[in-house]
Amino acid sequence: MSAPSDQSSPLRGRAPDRGDAARQTEIARDRAQICVPELREGRGAFRLFVEGDDLYDAMVTAIERAERSVRMESFIFAADEVGRRFAAALAARARVGLDVRLHLGSFGSGFRAFRGLQRELEGAGVRFRWFHPFRLRRPLEYLQRNHRKLLVVDGREAFLGGFNVRRLNSRALHGETRQRDTQVSVAGELAILAAALFDRLWHRQEQPRAEAIPEDARGVEALLVPSYSRHCRQRLACLHAGLIENARRHVYLTSPYFGPGTVVDAALQSAATRGVDVRLLVPRRGDPPAAGWATRAAYGPLLGAGGRIYEYLPRKLHAKTSVIDGEWSVVGSANLDYLSLFANQELVLMARDPTLADALHAQYRRDLGDAAEVAPSAWARRSWCERGLEALGRAARRLL
């Protein structure tokens, strides 16, 4: 990819408010403890999915071949053709005596249309659980979401990433306007860890301690990193910021939402200022619109620091990936916004694997071919109406 152009801009970064400054101080302390592990270089241990039909075929096949257990989490599990296909596969394995568990986010899936499917699953013997269903005694608990997308079969194969279970991701069912997303499959020790992480959330156990990211990980080529633990409530923010701070050549990020004023935003500005090729790919239209306004509120400081921002045009963008220096990769459920970094339950794969990084880099180039770059000069001339919407988005960023 070409180096960023030497475009000057009158834009200046916004000084963080006191709350942001205190949070960044806390995260810097946690990051000093966690840091970025010195992983062993791996090669070719992962399978990347960017088409929903391919992913759903692989996941359903894995479920049908299960011999002992199936564990599945999803934020959205729609009662449509795709959801019913998965429900049928899960129910079939439960009927023959396998331990089948389904853990869904009530915020994303707990709607009237799903009730019939839930009855069918439970009738077949699937062990079913909602994450944080709405309760009058604890209304705010409902707002913390299980945003993870995870399937683990027999503790030997796992799938994780950004794909929900719904027809919106299927080219066969939704057509060329299907949603653009990314998922990855893992095996071996990582699948065993994925099963353990599922069980901890299922049983409402304390998340793994910060030391679960080992001080000496040179014998490990990848890690599964959940949102936070009792000892570190900003683990994903620490991880992303640490990787960006260590970048030497390039940082290529894809996220449907991007939060202004976060420690990741600050790390990107710092990297761009020191000459790293920083590029951020986001959708042209936010979903919901207010989330898009919040994302656009982060444009000015990043453009002013020399970063480059691209807006994906042809369809909805839902992928959450990072490629850093052609060496480090992050794929998972976490957006680079306030909710994913500081509130929701999330899960990402962090890998030092050139094969995976090359595949993600190639996909990034294809996505940029379907995107329009935001020119700093044009951005500086945007209307006062647009600026006002960005201010509303910034104010609401912790709720979106």
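All of these numbers come straight from a predicted model, not from anything done at the bench.

Student: Please explain the pattern of salt bridges as it appears in this structure.
Tutor: Side chains that differ in charge, positive against negative, can pair when their charged atoms come close. Throughout the structure, instances matching the rule amount to 22 salt bridges. Residues Arg 148 and Glu 73 are paired through a salt bridge, measuring 2.9 Å at the closest nitrogen-oxygen approach. Highlighted residues: Arg 148 in the loop between strand S4 (127–131) and strand S5 (150–153) and Glu 73 in strand S2 (residues 69–74), separated in sequence by 75 residues. For the pair shown, Arg 148 and Glu 73 are each scored as buried. Salt-bridge contacts for Arg 180 lead to Asp 367; the nearest nitrogen and oxygen are separated by 2.9 Å. Separated by 187 residues along the polypeptide, Arg 180 in the loop between helix H6 (171–174) and strand S7 (183–187) and Asp 367 in helix H13 (residues 354–369) bring together distant segments of the chain. Taking relative accessible area as the criterion, Arg 180 reaches 4% and is therefore assigned buried. Classification of Asp 367 as buried rests on a relative accessible area of 3%. Put simply, Glu 51, Arg 171, Glu 176 and Arg 178 are held in one network by salt bridges that share partners.

Student: Is there a simple way to think about the packing of aromatic side chains in this case?
Tutor: Any two aromatic rings considered together are summarised by their centre-to-centre distance and by the angle between their planes. Enumeration according to the criterion identifies eleven aromatic pairs in this entry. Their ring planes at 80° and their centres at 5.7 Å tell us that Phe 77 and Phe 114 sit as a pair that is edge-to-face. Note that Phe 77 is positioned in the loop between S2 and helix H3 (81–95) and Phe 114 in the loop between helix H4 (106–109) and helix H5 (115–124), a separation of 37 residues in sequence. Comparing Phe 77 with Phe 114 shows no difference in burial state: the two are buried. Ring-pair connections join several aromatic residues into one group, and the members of that group are Phe 77, Phe 114, Phe 128 and Trp 130. When the ring centre of Trp 202 is taken as reference, the NZ or CZ atom of Arg 129 above it lies at 4.3 Å.

Reading the values: rules and limits
Residues numbered from 1 in each chain as written. Predicted model: local features only at pLDDT ≥ 70, side-chain atom pairs only at ≥ 80, totals over all residues. Heavy atoms only, no water. Salt bridge = Lys/Arg side-chain N within 4 Å of Asp/Glu carboxyl O. Helix = DSSP H or I, 4+ residues; strand = E, 2+ residues; numbered from the N terminus. Buried < 20%, exposed > 50% of the residue type's maximum accessible area, 1.4 Å probe, protein only. Phe/Tyr/Trp six-rings, centres within 6.5 Å; stacked < 30°, edge-to-face > 60°. Lys NZ or Arg CZ within 6 Å of the ring centre and 35° of its normal.

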